[in-house]
Each structure stands twice: as structure tokens, then as C-alpha cells.
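# Chain and residue survey
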Amino acid sequence: MSSTLSATHRPRWSFPSWLVLLSAASVASLVLLPIAVIVSRGAGVGLEGAVTTLVRPRVGELLLNTLSLAAITVAGTTVLGVGAAWLVERTTLRGRAFWRSLLIAPLAVPAFVVAFGWLTLAPSMQGLAGAAVVTTLAYFPFVFLPVAAVLRGLDQAGEDSARALGLSAFATLRRVVLPQCRAAISGGALLVTLHVFAEYGVLEMMRFPTFTTAILEQFAMGNSATTGSLLACVLVVLCVLALAVERLARGTARVARTGRGTIRHGTPHRIGWWSIPVTAGLLLVLAGAIGVPVTAVLRWLSKNTDPFGGGLGMAVLATLELAAYASVLAVLAALPIVWLAVRGRRRGASIFERATYLASALPGVVVALAFVAVSVRFARGLYQTGFLLVLAYVVLFLPRAVVAVRSGLEHAQPALVESARSLGISSFGAFRRVVLPLMARPIAAGAVLVFMAASTELTATLLLAPTGVSTLATGFWAASDQLDYVTAAPYALALIVLSVPLSVTLMREAARKK
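To keep things clear, this report deals only with the structure shown in the data block. (Residues numbered from 1 in each chain as written. Predicted model: local features only at pLDDT ≥ 70, side-chain atom pairs only at ≥ 80, totals over all residues. Heavy atoms only, no water.)

### Focus: the overall build of the chain
Cut-off, in case you're wondering: Helical segments are the DSSP runs of H or I of at least four residues, strand segments are the runs of E of at least two, and each set is numbered from the N terminus. Note on exposure labels: buried denotes an accessible area under 20% of the residue type's maximum, exposed denotes more than 50%, and partly exposed covers the range between, all computed with a 1.4 Å probe on protein chains only. Residue exposure ignores everything except the shown protein chains as possible cover, and the areas themselves are Shrake-Rupley values with a 1.4 Å probe.
Check the secondary structure of the chain and you find 24 helices and 0 strands. When each of the 514 residues of the chain is scored for burial, the buried share is 56%. Just so you have it, the chain exposes about 22300 Å², and 65% of that area is on carbon and sulfur atoms.

### Some thoughts on the side chain of Thr91
Worth spelling out the cut-off: Polar contacts, as used here, are pairs of N or O atoms within 3.5 Å; protein pairs need one atom able to donate a hydrogen and one able to accept it. Residues neighboring in sequence count only if both atoms are side-chain atoms. Contacts are assigned to residue pairs with any non-hydrogen atoms lying within 4.5 Å of each other.
You can see Thr91 is positioned in the loop between α3 (57-90) and α4 (96-102). Judged by its relative accessible area of 0%, Thr91 falls in the buried class. A polar contact is formed between the side chain of Thr91 and the backbone oxygen of Leu87, at a distance of 2.4 Å. Setting aside its immediate chain neighbours within four residues, Thr91 contacts Trp86, Arg96, Pro268, His269 and Ile271.

### Some words on the packing of helix α8 (residues 156-164) against helix α9 (residues 169-180)
Stated precisely, the cut-off is as follows: Comment: axis = line fitted to C-alpha atoms, over the contacting stretch for helices; angle = value between 0 and 180 degrees taken between N-to-C directions. Any angle that falls under 35 degrees is termed roughly parallel, while one over 145 is termed roughly antiparallel, one within 65 to 115 roughly perpendicular, and all others oblique. Should the near helix be turned anticlockwise from the far one by less than a right angle, the crossing is termed left-handed; should it be turned clockwise, right-handed. Note that Gly is not counted as nonpolar here; it falls among the polar residues with everything else outside the nonpolar set of Ala, Val, Leu, Ile, Met, Phe, Trp, Tyr, Cys and Pro and the charged set of Asp, Glu, Lys and Arg.
The contact between α8 and α9 brings their axes to 10 Å, and the two run at 130 degrees. Here α9 runs oblique to α8, going by the angle between their axes. Like other packed secondary-structure pairs, α8 and α9 cross with a definite hand, here right-handed. Between α8 and α9, the contacting residues are Gly158, Glu159, Ala162 and Arg163 on the first element and Ala169, Thr172, Val176 and Val177 on the second. Of the residues that constitute the contact of α8 with α9, the class distribution is 4 nonpolar, 2 polar and 2 charged.

### What about α8?
Among all positions of α8, only Gln156, Ala157, Gly158, Glu159 and Ala162 are buried. Where α8 is buried, its residues contact α3 and α9. Gly166 occupies a position one or two residues after α8 and carries a positive phi of about 100 degrees.

### Quick look at empty space enclosed by the protein
Which entries qualify depends on this criterion: Every definition here rests on a 1 Å grid over the protein atoms only: cavities are sets of points where a 1.4 Å probe fits but cannot get out, pockets are open sets enclosed by protein on both sides within 12 Å along at least five of seven lines, and lining residues have some atom within 4 Å of a point. Grid points are joined across faces, edges and corners, and a volume is the space filled by probe spheres set on the points.
One pass over the structure, following the stated rule, counts 8 cavities of 30 Å³ or more. Size it by volume and the largest cavity reaches roughly 570 Å³. Considering the residues around the largest cavity, the lining is formed by 32 residues, among which Tyr139, His195, Glu199, Phe397 and Arg400 are closest to the centre. Listing elements by their share of the lining of the largest cavity, those giving two or more residues are α5 (111-121), α6 (127-139), α10 (182-198), α17 (364-378), α18 (386-410) and α21 (440-456). Of the residues in the lining of the largest cavity, the class split is 23 nonpolar, 6 polar and 3 charged.

### Digging into the pattern of salt bridges
Pairing between side chains of opposite charge can happen when their charged atoms approach one another. To keep things clear, this is the line we draw: Criterion for a salt bridge: a side-chain nitrogen of Lys or Arg within 4 Å of a carboxyl oxygen of Asp or Glu.
Enumeration over the complete set of coordinates arrives at 2 salt bridges. Arg58 is the salt-bridge partner of Glu61, the closest N and O atoms lying 3.3 Å from each other. Residue Glu61 and its partner Arg58 are located together in helix α3, separated by 3 residues, close to a single helical turn. The class of Glu61 is partly exposed, set by a relative accessible area of 37%. The partner of Glu89 in a salt bridge is Arg100, with the nearest N and O atoms 2.8 Å apart. In this pair, Glu89 sits in helix α3 while Arg100 sits in helix α4, placing the two residues 11 residues apart along the sequence.

### Details of unusual backbone geometry
With phi around 55 degrees, Arg207 is a residue other than glycine that occupies positive phi space. You can see Arg207 is positioned in the loop between α11 (201-205) and α12 (211-221).

### A short note on the packing of aromatic side chains
In this description, an aromatic ring pair is defined by two values, namely the gap between the centres and the angle between the planes. Under the convention used in this document: Note on aromatic contacts: the rings of Phe and Tyr and the six-membered ring of Trp form a pair at centre separations within 6.5 Å, being stacked when their planes are under 30 degrees apart, edge-to-face when over 60 apart, and tilted otherwise. Put simply, a charge is over a ring when the Lys NZ or the Arg CZ is close to the ring centre, within 6 Å, and near the line of the ring normal, within 35 degrees.
For the coordinates displayed, the defined rule picks out 6 aromatic pairs. Measuring from ring centre to ring centre gives 6.5 Å for Phe116 and Phe476, while their planes differ by 80 degrees; the resulting arrangement is edge-to-face. With a gap of 360 residues between them, Phe116 in helix α5 and Phe476 in helix α23 (residues 472-481) connect regions that are remote in the sequence. A relative accessible area of 7% means that Phe116 is categorised as buried. Counting every residue linked through ring pairs, the aromatic cluster contains Phe112, Phe116 and Phe476. The lysine or arginine in question, Arg299, covers the ring of Trp300, its NZ or CZ lying 5.3 Å from the ring centre.

### Some words on the nonpolar core
For soluble globular proteins, nonpolar side chains are generally found buried alongside one another. Note the following rule: Think of a nonpolar core as a cluster: buried Ala, Val, Leu, Ile, Met, Phe, Trp, Tyr and Cys residues, connected wherever their side-chain atoms sit within 4.5 Å.
One finds Leu103, Val147 and Met206 to be the most contacted residues of the largest nonpolar core, which totals 160 residues. When neighbours within four sequence positions are excluded, Leu103 is seen to be in contact with Ala84, Val88, Phe140, Pro141, Phe144, Leu282 and Leu286.

Right under this line is the structure:
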């Protein structure tokens with residue numbers, strides 16, 4: 001078997017470790033800044049006050065709601081994401097390139113727009129069931145994308161060897177293929193969990209209270225920031241537990257291919273007449289994730305006599321600019337974090353990667369308020385600048401880039417770098433000329449994920465955007481908050497139209513470079 005799973009192999013790559021360590025520490029410090037602000041505010045109430053505030057039936061209800069929604073959504077997105085990735089990458093399903101692009105399209109539709117569409121179709125669909133349906137449909141691409149990237153690059157030799165040893169097709173899938181997707185699945189599930197913890201728009205529209213909605217209620221009241229900070233601390237604890245569970249689920253096995261020769265891509269499995277129900281199932285999923293909200297948006301758009309007027313054009317430009325800066329900066333910030341976690345030879349090197357997930361579990365408004373507090377006190381010149389808003393995007397969405405980049409680095413063959421070093425190429429040169437090209441597709445996937453999230457982010461943008469700057473998300477929310485759905489419809493449609501072709505372009509570019 002040319003593709004091996006090794007729990008003990010540790011590639012000895014040299015690299016300017018002090019530079020990587022300093023970069024990773026700087027990124028981790030930026031990410032942990034909002035948490036430090038929240039903890040300092042929460043600590044002001046004292047232990048007795050904290051117990052009085054948190055040990056209440058209402059907090060227990062919020063905890064049960066949050067965990068129930070997270071469990072249902074993770075289970076649903078894992079089934080949908082892994083199943084769709086296997087169908088697209090490893091079967092004879094017709095139009096696989098088409099499906100590959102279409103199945104990431106739900107990322108272009110903000111979750112609150114999906115909720116708006118479903119409430120338009122079925123106003124009674126509220127509570128846990130309604131929230132779970134919307135979050136599952138909106139977030140399953142987080143699992144689909146990394147798993148599909150791994151399945152696409154697997155060596156067929158491993159499966160052939162397993163079949164030659166007498167394993168059935170199902171046993172080969174369970175014992176050979178899925179273990180190599182373990183990191184991608186657990187990473188995608190972690191992203192889904194964190195997004196459920198931080199979700200606000202969907203839950204507010206579905207009238208399903210969780211910690212996030214309660215925190216925003218406290219901050220909206222204006223006189224109970226300490227209670228909101230304490231609830232946010234509980235959310236951080238939940239995030240830490242999610243990280244621990246993901247760590248156990250991922251395991252310690254390394255899955256980089258170490259055998260000689262070139263990779264032989266897998267032969268698609270023939271699914272015959274099963275392609276009919278499979279196609280119908282994929283269409284049903286996409287109808288719920290895209291068709292329902294798009295239909296609702298078009299319905300309101302048809303009633304708008306001047307859909308391209310107002311500030312729509314400026315909002316498009318502002319959204320593109322801010323999201324592009326955020327995606328580039330997030331990928332750059334993810335590189336030293338991932339390098340230390342995957343190739344670091346020091347114990348505890350992965351602690352920086354773990355830190356990146358903490359702040360992302362916080363609602364965007366909490367991160368924004370922390371940035372406002374710090375900038376007003378220590379760097380007033382940064383307050384209400386685009387730079388501060390981009391930094392907030394990086395803090396909120398860095399895990400998306402980290403998960404994608406990590407999946408690429410884990411599958412980069414250490415032997416190729418060692419060969420480059422033996423030819424006299426420096427460590428940085430080997431990284432630039434060997435590792436980065438191999439990681440083009442995961443990096444592009446990470447950039448797409450961050451771009452999608454930044455272009456649809458709402459609460460942090462409302463607080464941190466420079467005066468007079470409106471994005472598509474804030475334009476939609478400003479109109480819909482006034483129940484002016486006719487005015488909101490062009491902004492929602494622009495979000496969808498702009499995001500889909502950009503994501504497809506990035507994915508095709510990554511595939512061409514490979």
C-alpha cells in the first residue's frame with residue numbers, strides 16, 4: 001500500500017522557527033483579545049454575583065437549546081456533506097463538475113436570508129425544528145468542501161490493496177477511505193458547531209432563544225453588559241469543549257502519502273439506476289438551501305420599481321473590497337498557525353491553532369464591542385476604519401481558513417520537501433516552490449469560505465463599519481428591519497449573484513494550478 005497511515009512519522013523540516021512562532025503568537029493574541037475584554041468585564045461582578053446570574057432556570061434553558069441545536073445540525077450537516085462529497089468525487093454521477101460548484105453555492109446565501117425564505121413559505125416553521133432545518137441547509141457546505149478536496153486527491157492504490165486483501169466495497173470505504181477523511185470531517189463539523197454557537201439572525205427570526213440571542217438582548221438593553229459578558233464566557237467554555245471533542249474525533253494519525261510513484265486517482269464507482277434518486281435527493285437539498293430563499297427574494301424584487309437605485313452600487317463595491325482584504329489576510333494569518341500545528345516539532349505547538357477557534361464562537365457583536373472598547377481607549381485613530389473591521393472579520397472567520405489550509409498541508413508529501421532541500425533549496429524556497437503549489441486548492445477553498453462569510457457578516461459590520469459605508473448585508477438588514485422587504489430584496493439578490501461566480505472562479509483556478 002503506497003498510501004500509509006502513520007501515527008509516529010514526524011517530518012524533520014527546518015524553517016525559521018522564530019519567525020513562524022512570532023507570527024503565530026501575534027495572530028493568537030489578536031484572536032484572544034475579545035475574550036480577554038469579555039472575561040475582564042465578567043470578572044467585575046465577582047464570584048457570588050456570577051453564580052447568582054448563571055445558576056438560573058433561564059440559563060439552563062438556553063444551554064439545552066444551544067446544545068440541542070448544535071447536535072442536530074452537526075449530525076445533519078455531516079450526513080449531507082460527506083454523502084454529497086462521496087457522490088460527487090467518487091461515483092459516476094453525471095455532471096460532477098456542475099454539482100461540485102452548485103453544492104458550495106449555499107454559502108453564498110446568508111443564513112438569515114434562508115430563514116426569511118422558509119418563513120415566507122411556511123410561517124409556522126419556527127422553534128428548534130425550523131432552526132435546525134435552516135442551519136443544516138445553510139452550513140452543510142462546511143463539511144462538503146474539505147471532504148470533497150480530500151476525496152479528490154486520494155490515491156487509488158490504498159483502496160486497491162484493501163480490495164485485494166478481501167475487503168468488501170463497504171469495508172474499504174469504512175476502513176480505508178473514511179479514516180483518511182477523518183480530519184476533514186471533524187474540522188468541518190467543528191466549523192458548523194462554532195457557527196451554530198454564534199448564529200443570531202436565524203434564531204431571532206425562528207424565535208428560538210440560545211446564548212447568542214440572550215447575549216444580544218443583554219447588550220441591547222445597554223444596562224446589563226456584565227450579564228452579557230458572563231453569558232459570553234459560558235459560550236467560550238462551550239467552544240473549548242467543542243475543540244476538545246474535535247481533537248478526540250480527529251485522532252493522531254497522519255495521512256500524508258509517503259510511497260513512491262505518482263498518485264493514481266480513484267476509479268469512480270458505478271451507481272447505475274441509483275443516479276435517479278440520488279440526483280433527486282441532491283436537487284431537493286439545493287431547493288431547500290437555494291431555491292426557497294431565492295424564490296422569496298425574487299417575489300419581493302418583482303414589486304420593486306427601481307431595484308438598482310439607491311446605494312446598491314456603493315454597497316457592492318464596499319462588500320467586495322472588505323471581503324477580499326479579509327480573505328487574503330485570514331489565509332496569511334492561517335499559514336503560521338497551521339505550520340506549527342502540523343509540522344511543529346515542539347510540544348504544545350497546536351495551542352495556537354486551538355486559540356483561533358475560541359473567539360470565532362462569539363457573536364460578531366461581542367467581538368465588535370471588544371474592538372470598539374480597545375480602539376477607543378488605546379488606538380482612537382483606528383475606530384470606525386475599514387482596517388479595524390477587516391481585523392474583526394479575520395478574528396471571526398479565521399477557523400475557516402485554518403481548517404482548509406490544514407487539510408492541504410497534512411496531505412503535502414514531506415518527501416518532496418526533503419528532496420528539494422537535498423538539491424540546495426532553502427527552507428523558505430522549498431515552502432514557496434513545493435508546498436504552496438500543493439496547497440493551492442485548500443488555500444483557495446479557505447479564501448472562498450472567508451470571503452463568503454465576510455461578505456454576509458452583519459452584526460460586527462453594523463458596529464465597526466466606517467461612517468457612511470454600507471455593505472450588502474447591512475443594507476438588507478436596514479430595510480428588512482423596517483419590514484421594507486421590497487427595498488431589501490435587491491441587496492439579498494446582489495449577495496447571492498456576486499458570491500456564486502466568485503467561489504466557482506476560485507475553485508476552478510485552484511484546480512487548474514494543480
